[in-house]
Amino acid sequence: MGDIFRRIYYLLHRRRLEQELQNDMAVHREMLGRDNTKDFGNQLLLRERSHEAWGWNWLDRLLQDLRYGFRMLRKSPGFTLVALLALGLGIGVNSALFSVVYGVLLKPLPYAQGHQLVVLRQQFAKSNEDNVGFSVKEIQDYRTQTRSMSQVEEFHGMGFILLDDKEPQRVRAGVVSAHFFDMLGIRPYLGRFFTEADDVAGADAVLILSYPFWKKRYGGDPNVVGRRFRMNDKIHTVVGVLPPVPQYPQDNDVYMPTVACPWRSSERMIANRNDRMMLLVGRLKPGVSVPAGAVDMSLIGSRLQQAYPESYPAARGFAAGMDSLQNQLTQDVRPMLLVLLGTAGLVLLIACANVANLALARIMRREQELAVRAAMGASRARLVRQLLTESMLLSLAGGALGLWLASGCLSLLITFVARFTTRAAEVSISLPVLLFTMSVSLMTGLAFGSIPAFSQRLDLVKSLKENSNAATEKGSRHRMRNLLAVGQVAISFILLIGAGLMIRSFIKLQQVNAGYNGENVLSVRVPLNFTKYHEDVDVTRFFDRLAQTLEGKPGIQAVAVNSGAPLAPGRPMNNSFAVEGRGVGPGELKPEAAFENASPEAFRLLGVPLINGRFFTIHDTADAPLVAIISQGLARHVFPNADALNKRISPDDGKHWLTIVGIVGDVKQYGLDRDPVDTVYLPFAVNPMADTLIVKTAGDPMNFVEQVRTAVYSIDPEQPITDVKTLDQLRGDSLAATRLTSLLLGLFAMLALAIAATGLSGVTALLVSQRTREIGIRLALGAQRSQVLRMVMLQETRVILIGLAVGLIGALLVSRVMQALLFKTTVTDPLTFVGVALVLLAVALIASYIPARRVTRVDPMIALRAE
């Protein structure tokens, strides 16, 4: 084996040695004026042997250090196991979170020149509408007037029923302009993308399937291109399949050109500047930055506002801008990921401090061994290198263990991140993650290995005289041990405070009164095919038949139809309205509210309280006087000094007037952490723009899903149902992000606490074992065991209290970063700080008490004889 390494070294360095010697000989000839090439071969041979010997000696020493390091770690299985677990857990959580951070935040978009892709935005700031979308006319304006973008393409999402040889399915359809995918710079996985010929009136209807939908629905069938499906009462031909790339702004099942969407291609939408539904994505010209593009957008918006003031009222604070596509894909998850990554970094710091403290204590036991090696000629650099080699072996093994742990928990993190961004699918254990893990392992080894290695001060004579039970510990090591212990306690306190604040926030979020009773209530979306049910009477007839069919089933107590289930994903679609007898002055805005539709049984079924007036009845139809019910918040905001009952409002500038006949309690329709939205409820029979079936059951609602599906198929065999969930499940889903964040922070904090407690216990055990003779003398002279125990515990308590004080300062600074993640919880919540301090103090004292208690039970005579 040695000959093989020598030969490899020789081959690697032969060329460099020849070049060095030729340079030296050239200088020699210039100085002496003669050509002394005769000695070149001998000189080269001597130099080769010299370098080869040096290289082999260096390699031999490295192998010797590695072998000796393995033997020493094997001789200390307890220390090795504890260190491996601490480092493996610390490096593992960092590797797992870095893989998510890299895949979501740092990895370039899988599009050609992805940094040039931007998302355009129009907003009405004063009415809290951050992105109102774009109309067809506005899309044409921005395309023709932009100077910063080479392409501007549109997108909007719709839901349609796809009919093939399988069960009918409601699909999410992305409606895009012809060159949308060409702008992204990607190639189809199968087939082709859209062309301009596909996006003209009268063209054959075509579809592109997304990669996940193709895999799930058709099992990755390569012959799917050319297949024909029925959708929107038309035959659509599949022309391509997308590659597995993140989709913006949402994951879609299929894509179609704009001309195939009945709403986008309607004359009414094309002619109406204020009918905004589309999103715009653009590509900046080379050399144009996002801020420069935003200025260009703002100028175009200003020109449009001057040309069409009625469409862009100044009172609503109109503005146009843009943001990078990468930022748009990650803005919701970025703060949370950075907090979690910082937390994982603190866990690794605790692990390093723990292992460094244990290694420092282990060095004390090896003083005589190191002194003997020094007496036999080993230099200080040689001993330090040996200690660093052992620490590097531990850290690399810990890194391998951490990488294995990271790969095991990665699926959980991907599921967590998928709630916030479509880039979650790009998260994996990639080469950058492997390099990160290796770098962290090496730096960790240097961090915890350098402290005991460079703190070693060998006094040969004194070390050979002393033994492991010396009465006193060296002052410098004692201070270093205490400093590391203080750091562990302080960092643990910071992590526990962060976890405590999130848990407190989660508990408060759970206790929020959502304004309805979701017990034993099933929600099912029944999105009707508009080609069959394009008249209001057809829609109401379908749901009337469905309700009558279900109400006769055993266990079903009530059935209602609503615009949407409470806490289902979505956002409010606000509309302005006029109040009879109340004008709007210059610069003032009309009141706004979310308009929802509900059948007569909806409020009673959901347990929404009636504050004043009445609920809807079966007599509130299109033939009767138009009525509305408003939420309590709207009544308070719009009619603060008057009774809202019997007042009239108009959502269409006076064409139709609605009489307010009831006021109901506020419902947190769009999130437990959001204020209730002012809402106007219309009778479903008057405005049947609702597709959510609400069913109250006598038992577990999920047991009645099949009955609902059968009832729907009995009316229309081609009508699917979607989004089947109980209201309790929807409430749980709305809490999932906060719950998972609290869980992860809590796990990290408990992990840090366990590592810190293990370190404190181990170091205290070593400390008291080194003072066995001293303690034996004290006991022999008459000291009570309780006094000795109190002495040891007072020393440890001082360290713990200092760590708590330092941690308190750090927690006050770090916790402010979490303010955006908290719900009705201050970053200085006194209950959290006091509770965490008491828990950490108790755990640290117990960890120190157990080994301290054990040493006081030693027989004094045995301790003195051992010394």
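Presented here is an overview of the structure given in this document. The structure presented is a predicted model; accordingly, all values stated were derived computationally and were not measured. Here, residues in each chain are numbered from 1, in the same order as that chain's written sequence. Reporting in this predicted model follows two pLDDT cut-offs: at least 70 for local features of residues, and 80 or more for side-chain atom pairs to be given and counted; totals over whole chains, interfaces and linings ignore these cut-offs and use all residues. The basis for every side-chain value is the complete set of non-hydrogen atoms in the structure, without hydrogens or water.

**Considering the overall build of the chain**
Now for step 1: Secondary structure elements follow DSSP: runs of H or I of four or more residues count as helices, runs of E of two or more count as strands, with numbering from the N terminus. Broken down by element type, the chain carries 25 helices and 22 strands.
Now for step 2: Considering the chain as a whole, with its 867 residues, one finds that 50% of them fall into the buried category.
Now for step 3: Summed over its atoms, the accessible surface of the chain is roughly 40600 Å², and 57% of this surface lies on carbon and sulfur atoms. Burial classes: relative accessible area under 20% of the type maximum marks a residue as buried, over 50% as exposed, and values in between as partly exposed (1.4 Å probe, protein chains only). Where accessible areas are quoted, they stem from the Shrake-Rupley method and a 1.4 Å probe; at the residue level, only the protein chains shown are allowed to cover.

**What about the pattern of salt bridges?**
Now for step 1: Any carboxyl oxygen of Asp or Glu within 4 Å of a side-chain nitrogen of Lys or Arg constitutes a salt bridge here. What the rule picks out here adds up to 25 salt bridges.
Now for step 2: Residues Arg264 and Glu154 are paired through a salt bridge, measuring 2.8 Å at the closest nitrogen-oxygen approach. Separated by 110 residues along the polypeptide, Arg264 in the loop between strand 8 (254-257) and helix 7 (267-271) and Glu154 in strand 2 (residues 149-163) bring together distant segments of the chain. The pair formed by Arg264 and Glu154 is uniform in burial state, with each residue classed as buried.
Now for step 3: The partner of Arg172 in a salt bridge is Asp253, with the nearest N and O atoms 3.9 Å apart. Placement of Arg172 in strand 3 (residues 169-176) and of Asp253 in the loop between strand 7 (234-241) and strand 8 is noted, with a sequence separation of 81 residues between them.
Now for step 4: Exposure remark for Asp253: the relative accessible area of 11% places this residue in the buried category.
Now for step 5: By sharing partners, the salt bridges in this structure join Arg230, Asp233, Lys532, Asp716 and Glu718 into a single network.

**Describing the environment of Leu117**
Now for step 1: Within the fold, Leu117 resides in strand 1 (residues 117-124).
Now for step 2: Among the residues examined, Leu117 registers a relative accessible area of 0% and is labelled buried.
Now for step 3: Residues count as neighbours in contact if any of their non-hydrogen atoms are within 4.5 Å of one another. Other than its neighbours up to four places away in sequence, Leu117 contacts Tyr111, Met183, Leu184, Gly282, Arg283, Ser324 and Leu325.

**Comments concerning the packing of helix 4 (residues 136-145) against helix 8 (residues 290-307)**
Now for step 1: Interaxial distance between helix 4 and helix 8 falls to 11 Å at its minimum, and their mutual angle equals 125°. Taken together, the axes of helix 4 and helix 8 lie oblique to each other. Where helix 4 crosses over helix 8, the handedness of that crossing is right-handed. Only Asp296, Met297, Ile300, Gly301, Arg303 and Leu304 of helix 8 make contact with helix 4, whose side of the interface consists of Asp141, Tyr142 and Gln145.
Now for step 2: The residue inventory of the contact of helix 4 with helix 8, partitioned by class, reads four nonpolar, two polar and three charged. Only the contacting stretch of a helix is used when fitting its axis, a line to C-alpha atoms as for every element, and angles between N-to-C directions run 0 to 180 degrees. Just so you know how the angles are binned, under 35 degrees is roughly parallel, over 145 roughly antiparallel, 65 to 115 roughly perpendicular, and the rest oblique. Working rule for handedness: look at the near helix, and if it is turned counterclockwise from the far one by less than a right angle, call the crossing left-handed; if clockwise, right-handed. Amino acids outside the nonpolar list (Ala, Val, Leu, Ile, Met, Phe, Trp, Tyr, Cys, Pro) and the charged list (Asp, Glu, Lys, Arg) are all regarded as polar, and Gly is one of them.

**Regarding unusual backbone geometry**
Now for step 1: In the segment running from Tyr248 into Pro249, the intervening peptide bond is cis, with an omega of 0°.
Now for step 2: Even without a glycine there, the phi angle at Asn520 is positive, about 55°.
Now for step 3: Mapped onto the secondary structure, Asn520 falls in the loop between helix 15 (475-510) and strand 11 (521-525).

**Re the nonpolar core**
Now for step 1: In this text, buried Ala, Val, Leu, Ile, Met, Phe, Trp, Tyr and Cys residues form a nonpolar core when linked through side-chain atoms within 4.5 Å. Among the nonpolar cores identified, the biggest contains 78 residues, and Val100, Val104, Leu337, Val417 and Phe493 are the most heavily contacted of them.
Now for step 2: Put simply, the parts of the chain that give this core at least two residues each are helix 3 (77-106), helix 10 (334-365), helix 12 (380-417), helix 13 (431-454), helix 15, helix 21 (736-770), helix 23 (785-814) and helix 24 (830-855).
Now for step 3: Ranked by the residues each element gives to this core, the list is headed by helix 10, at 15 residues.
Now for step 4: In this structure, Val104 is in contact with Thr330, Val333, Leu337, Val417, Thr421, Arg423 and Val427, ignoring residues within four places of it in sequence.
Now for step 5: Judged by nonpolar contacts, the second largest core, of 30 residues, contains Ala514, Ala565, Phe603 and Tyr681.

**A look at the packing of helix 16 (residues 536-551) against helix 19 (residues 705-715)**
Now for step 1: Two elements in contact, helix 16 and helix 19, have axes separated by 10 Å at closest approach and are oriented at 135°. Put simply, helix 16 runs oblique to helix 19. Both helix 16 and helix 19 take part in a crossing whose hand is right-handed. Together, Phe542, Arg545, Leu546, Thr549 and Leu550 of helix 16 and Gln707, Val708, Ala711, Val712 and Ile715 of helix 19 make up the contact between the two elements.

**Describing helix 8**
Now for step 1: Helix span, expected: 1.5 Å multiplied by one less than the number of residues in the helix. Given a rise of 1.5 Å per residue, 18 residues ought to cover 26 Å, and the 26 Å separating the end C-alpha atoms of helix 8 matches this to within 8%.
Now for step 2: Taken as a whole, helix 8 has its buried residues at Gly293, Asp296, Met297, Ile300, Gly301 and Leu304. Along helix 8, the residues classed as buried sweep out an arc of 135° about the axis, all on the same side. What points out from helix 8, more than 90 degrees from its buried face, is the exposed set Pro291 and Gln306.
Now for step 3: Of the surrounding elements, those touching the buried residues of helix 8 are strand 1, helix 4, strand 2, strand 9 (279-284) and strand 10 (318-324). The arc in question is formed by the directions pointing from the helix axis toward the C-beta atoms.

**So, the packing of aromatic side chains**
Now for step 1: Between 30 and 60 degrees the pair is tilted, below 30 it is stacked and above 60 it is edge-to-face, where a pair is any two Phe, Tyr or Trp rings, Trp via its six-membered ring, whose centres lie within 6.5 Å. Under the definition given, this model contains 27 aromatic pairs.
Now for step 2: Judged by centre distance (5.4 Å) and plane angle (5°), the rings of Tyr218 and Phe229 are stacked. Of this pair, Tyr218 sits in helix 6 (residues 211-218) while Phe229 sits in strand 6 (residues 228-231); the two residues are 11 residues apart in sequence, bridging distant segments of the chain.
Now for step 3: Accessibility expressed as a relative area gives 8% for Tyr218, which makes it buried.
Now for step 4: On the basis of relative accessibility, which here comes to 1%, the residue Phe229 falls in the buried class.
Now for step 5: Through successive ring pairs, a cluster of aromatic residues spans Phe155, Phe180, Phe181, Phe193, Phe194 and Tyr255.

**Let's talk about a nonpolar patch on the surface**
Now for step 1: A cluster of nonpolar side chains, contributed by Leu396, Met438 and Leu442, occupies part of the molecular surface with about 260 Å² of accessible area.
Now for step 2: Inspection of the secondary structure puts Leu442 in helix 13. Patches in this entry comprise residues that are over 30% relatively accessible and not in a salt bridge; like charges within 9 Å are linked, as are nonpolar side chains (Val, Leu, Ile, Met, Phe, Trp, Tyr) within 5 Å.

**Considerations on the pairing of strand 19 (residues 658-664)**
Now for step 1: Within strand 19, six of the seven residues are buried, leaving the element largely enclosed by the surrounding structure.
Now for step 2: When DSSP finds at least two bridges between two strands, those strands are taken to pair. Of the pairings in the sheet, the one linking strand 17 (residues 627-631) to strand 19 comprises five bridges and is parallel in character. Its bridge partner lying in strand 19, Ala628 is registered against Ile660.
Now for step 3: Relative to strand 19, strand 18 (residues 648-650) runs antiparallel, the two sharing two bridges. Bridge pairing links Ile649 to Leu658 in strand 19.

**Here's the deal with the side chain of Thr726**
Now for step 1: Secondary-structure assignment places Thr726 in strand 22 (residues 722-726).
Now for step 2: The class for Thr726 is buried, based on a relative accessible area of 7%.
Now for step 3: Beyond its immediate stretch of four places on either side in the chain, Thr726 contacts Val521, Leu522, Pro701 and Met702.

**What to know about a positive patch on the surface**
Now for step 1: Positive charge collects at one region of the surface, where Arg67, Arg71, Arg74 and Lys75 lie side by side.
Now for step 2: Within the fold, Arg74 resides in helix 2 (residues 40-75).
Now for step 3: In this structure Arg74 comes out as exposed when scored by relative accessible area, which is 59%. Working convention for charge: Lys and Arg count positive, Asp and Glu count negative, and His plus the chain ends are omitted. Each charge is placed at NZ for Lys, CZ for Arg, CG for Asp and CD for Glu.

**With respect to the environment of Leu606**
Now for step 1: Within the secondary structure layout, Leu606 lies in helix 17 (residues 602-606).
Now for step 2: For Leu606, a relative accessible area of 6% translates into the label buried.
Now for step 3: What Leu606 contacts, discounting residues up to four positions off in sequence, is Tyr516, Asn517, Val521, Asn562, Pro566, Ile694 and Leu727.

**Looking at the pairing of strand 5 (residues 206-209)**
Along a regular strand, successive side chains alternate from one face of the sheet to the other.
Now for step 1: Neither face of strand 5 is exposed, since Val206 and Ile208 on one face and Leu207 and Leu209 on the opposite face are all buried.
Now for step 2: Of the pairings in the sheet, the one linking strand 5 to strand 7 comprises four bridges and is parallel in character. Each bridged residue has a counterpart across the sheet, and for Leu209 the counterpart in strand 7 is Val241.

**Let's talk about the side chain of Gln328**
Now for step 1: Here Gln328 shows up in helix 9 (residues 325-330).
Now for step 2: A residue is classified by how much of its surface remains accessible, and Gln328, at 19% relative accessible area, is buried.
Now for step 3: Beyond its immediate sequence surroundings of up to four residues, Gln328 is in contact with Val119, Arg121, Tyr248 and Asp323.

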